Amino acid sequence: MSILSGIQAPKVPLLFKAACPDCRGRFELAAGALRLAIGASRRTTFYSFTCPECGAAVRKPAGERIVELLTGGGVRTLRLHSTV
């Protein structure tokens, strides 16, 4: 048994690296600045944010690894349902 087993690691806010395709700015965003939408296909699964430098609305595709990182990092997630 480890002495540290009952001690929780300090909660450090996670920052995600992002870039804007409009102004080409590169920056770090907190989880609260990102949104993740998970759809039924790769085309409908994406993350979005507002560029802090130019104010553009940015939407980028999110593969499985990105989804895993963002959900694990506390990014708010919206699950999209198909209307069949």
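Scroll up to find the structure.
These numbers were taken from a predicted model, which means no experiment stands behind them.

(A) Spotlight on the overall build of the chain. The helix and strand tally for the chain stands at one helix and six strands. A sequence separation of at least 24 residues applies to 45% of the contacts in the chain between residues at least 6 apart. Roughly 6,600 Å² of accessible area belongs to the chain as shown, and the carbon and sulfur atoms make up 56% of that amount.

(B) Molecular detail of the pairing of strand S3 (residues 35-38). Direction of pairing for S3 relative to strand S4 (residues 46-50): antiparallel, over a ladder of three bridges. Along S4, the bridge assignment pairs Arg35 with Ser48. Strand direction decides the pairing type here: S3 and strand S6 (residues 76-79), joined by four bridges, are parallel. Residue Arg35 lies in a different strand from S6, and its bridge partner there is Arg76.

(C) Up close: the pairing of S4. Relative to strand S5 (residues 57-61), S4 runs antiparallel, the two sharing five bridges. Looking at the pairing, Thr50 lines up with Ala57 of S5.

(D) Region of the structure containing the nonpolar core. With 18 residues, the main nonpolar core has Phe27, Leu34, Leu36, Tyr47, Phe49, Leu70 and Val75 as its most contacted residues. If you list the elements that add at least two residues to this core, you get strand S1 (15-19), strand S2 (26-30), S3, S4 and helix H1 (64-72). Residues in contact with Leu34, not counting those within four places in the same chain, are Phe16, Leu29, Tyr47, Ser48, Phe49, Leu70, Val75 and Arg76.

(E) Fine view of the environment of Lys17. Mapped onto the secondary structure, Lys17 falls in strand S1. Given a relative accessible area of 74%, Lys17 falls into the exposed group. Separated by 13 residues in the primary sequence, Lys17 and Ala30 have C-alpha atoms spaced 9.1 Å apart. Not counting the four nearest positions on each side in its chain, Lys17 is found in contact with Phe27 and Glu28.

(F) A look at the state of the cysteines. The final tally for this structure, using the stated rule, is zero disulfides. In this structure Cys20 is a free cysteine whose sulfur lies 3.8 Å from that of Cys54, the closest cysteine sulfur available. Owing to a relative accessible area of 3%, Cys20 belongs among the buried residues under this scheme.

Rules used in this analysis
- Residues numbered from 1 in each chain as written.
- Predicted model: local features only at pLDDT ≥ 70, side-chain atom pairs only at ≥ 80, totals over all residues.
- Heavy atoms only, no water.
- Helix = DSSP H or I, 4+ residues; strand = E, 2+ residues; numbered from the N terminus.
- Contact = heavy atoms within 4.5 Å.
- Areas by Shrake-Rupley, 256 points an atom, 1.4 Å probe, with all protein chains shown as cover.
- Pairing = 2+ DSSP bridges.
- Core = buried A, V, L, I, M, F, W, Y, C linked by side-chain atoms within 4.5 Å.
- Buried < 20%, exposed > 50% of the residue type's maximum accessible area, 1.4 Å probe, protein only.
- Disulfide = S-S within 2.5 Å.

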